[in-house]
Amino acid sequence: ENLFLSGLTAMEKKLAEYKCNTNEAIQLKLVRFPEDLEDENTTFNPEYSHQVFGDDEVAFGYKGLKILLYYIAGNLSTLFRIEYTSKVNEKFDCVEADDVESKIREIIPPGFCTNTDDFVSLLEKEVNFKPFGMLLHTYSIHNEEAGEDITYQIYKADMTCPGFREYHERLQTFLMWFIETASFIDVDDERWNYFLVFEKYNKDGATLFATVGYMTVYNYYVYPDKTRPRVSQMLILPPFQGEGHGAQMLETVHRYYMSSPTVLDITAEDPSENYVKLRDFVLVKLCQDLVCFSPVKLMQGFSQEMVTEAQQKLKINKQHTRRVYEILRLRATNMGDAEQSRSYRLDVKRRLIGPYKKKQRELAKMRRCLRPEEMTNQLNQIDLNLQREQLEESFQQLVSDYRRVLERLAQA
């Protein structure tokens with residue numbers, strides 16, 4: 001029996017060597033020059049691979065597994081290869097290696113290269129690649145490394161642009177690796193709008209374009225003749241993150257819809273924490289000069305005037321306008337002054353307590369049916385203390401988030 005067990009652990013040890021973390025195995029690149037292929041500094045890895053490789057994010061059956069997914073920087077033509085130092089053998093180990101290739105093929109469109117030479121010859125044609133659609137906005141950002149200003153452009157595209165459908169198929173594969181709950185959209189639905197960011201760069205005296213990121217927005221119909229665009233996906237590719245492109249894109253998209261009389265306001269689907277921070281910054285930046293947000297009016301509290309003006313002029317919905325008001329009021333409030341800070345705290349907590357109160361009413365209803373009167377009162381007391389703590393915690397967290405937005409605004 002012991003022999004059997006020790007045999008088992010030896011086998012387990014051996015098999016464990018054939019497990020690879022897929023977030024490390026997958027190597028992504030955006031290639032501009034042939035030398036990028038050899039340069040490890042241009043490689044980046046996924047944040048997530050669970051949608052393709054399961055919750056463990058593990059591929060079994062290989063040692064030293066590398067899943068290479070290299071994209072040409074602009075049109076995203078793809079090189080896909082798998083490399084490994086050894087693979088389990090069915091004959092001897094009685095186990096089968098995961099079919100890594102077919103898992104990747106499920107999410108990347110056909111027509112990719114499998115060898116480097118083909119990929120490099122495609123790279124030479126990249127000079128012909130031009131952004132899709134209509135140019136909305138050009139901006140530049142100073143790059144420390146390059147010691148110069150780099151120019152970026154934001155375009156609005158749609159499926160009627162020649163080649164865009166195929167390009168979008170390649171682009172959306174990045175969602176799987178960087179958005180936790182990503183899914184591909186139905187591109188045949190004409191109510192999707194696509195916004196793309198490109199960087200202009202030079203190669204042998206020519207100007208080329210590299211893909212930086214994108215955003216998809218769905219136009220919901222609102223009776224009788226309006227639409228309510230809803231931001232669905234937004235991704236800035238990792239090599240470009242933290243440079244301010246997300247804010248540029250969101251502001252450009254707001255400005256695009258602002259000019260349309262049929263648009264009611266803009267919302268977002270299931271936004272991530274990072275997106276909320278980004279949106280706070282952009283909306284506060286847009287709103288800070290509106291008359292209704294003057295310091296005097298901020299001190300008088302949240303008003304219908306704010307809701308109306310933000311919606312009509314900037315297409316901002318009521319919920320987001322309330323956050324903008326709280327952030328701008330924080331800026332106008334002297335938190336060192338006991339009276340001012342108390343007034344601010346009460347104002348925000350009154351909004352925060354809304355959901356609690358509703359829950360409280362529901363609980364009270366349930367208890368009336370279930371329990372004697374005196375118990376209910378005791379429970380309510382316990383609830384209230386807990387509620388006060390939670391409320392204070394939520395408030396402190398919110399204020400620290402708001403301060404970060406104001407810091408970024410001060411630097412903008």
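All residue numbers refer to positions counted from 1 along the written sequence of the respective chain. Reporting in this predicted model follows two pLDDT cut-offs: at least 70 for local features of residues, and 80 or more for side-chain atom pairs to be given and counted; totals over whole chains, interfaces and linings ignore these cut-offs and use all residues. Side-chain figures throughout are based on the complete set of non-hydrogen atoms in the structure, without hydrogens or water.

Draft legend 1. The pattern of salt bridges, seen in detail. Salt bridge, as used here: a side-chain nitrogen of Lys or Arg that lies within 4 Å of a carboxyl oxygen of Asp or Glu. All chains considered together, the criterion is met by 20 salt bridges. In this structure, the salt-bridge partner of Glu309 is Lys313, at a minimum N-O distance of 2.8 Å. Here Lys313 and Glu309 lie together in helix 11 (residues 304-314), a separation of 4 residues that amounts to about one turn. Partly exposed residues are those whose accessible area sits between 20% and 50% of the maximum for their type, while under 20% is buried and over 50% is exposed, using a 1.4 Å probe and protein chains only. Since its relative accessible area comes to 46%, Lys313 is described here as partly exposed. Of the charged contacts in the structure, one is a salt bridge between Glu326 and Arg351, with a shortest N-O distance of 2.5 Å. Of the two residues, Glu326 sits in helix 12 (residues 318-332) while Arg351 sits in helix 13 (residues 338-370), which places them 25 residues apart along the sequence. Residue classification places Glu326 among the buried positions, given a relative accessible area of 0%. Since its relative accessible area comes to 30%, Arg351 is described here as partly exposed. Strands are runs of DSSP state E lasting at least 2 residues, helices are runs of H or I lasting at least 4, and numbering of each runs from the N terminus.

Draft legend 2. Structural view of the UniProt feature "domain: Histone acetyltransferase type B catalytic subunit C-terminal" (unreviewed entry) in the protein. Here, UniProt's "domain: Histone acetyltransferase type B catalytic subunit C-terminal" (unreviewed entry) annotation points to residues 279-330. With 73% helix and 0% strand, the stretch residues 279-330 has end C-alpha atoms that lie 17 Å from each other. UniProt positions are given in the numbering used here, feature names are shortened, and annotations may be inferred rather than shown by experiment.

Draft legend 3. Spotlight on the side chain of Asn317. Looking at the element boundaries, Asn317 is found in the loop between helix 11 and helix 12. When its relative accessible area of 8% is taken as the criterion, Asn317 is described as buried. Within the structure, Asn317 has its side chain in polar contact with the backbone nitrogen of His320 (distance 3.1 Å). With near-sequence residues (within four places) excluded, Asn317 lies in contact with Asp265, Ile266 and Thr267. Any pair of N or O atoms that falls within 3.5 Å is considered a polar contact. Within protein, one atom must be able to donate a hydrogen and the other to accept it, and sequence-neighbouring residues count only if both atoms are side-chain atoms. By definition in these notes, contact holds between two residues if any of their heavy atoms fall within 4.5 Å.

Draft legend 4. Representation of the pairing of strand 11 (residues 192-203) within the structure. By the criterion of burial, strand 11 is predominantly enclosed, with 10 of the 12 residues buried. Bridging between strand 10 (residues 148-157) and strand 11 involves 6 bridges; their strand directions are antiparallel. From the neighbouring strand, Gln153 faces strand 11, where its bridge partner is Phe198. DSSP-based pairing: two strands are paired if at least 2 bridges between them are found. Summarising the sheet, strand 11 and strand 12 (residues 206-222) pair through 12 bridges and their orientation is antiparallel. Bridged to Phe195 within strand 12 is Met215. In sequence, strand 11 turns back onto strand 12 through a hairpin of 2 residues, with Asp204 there showing a positive phi of about 50 degrees.

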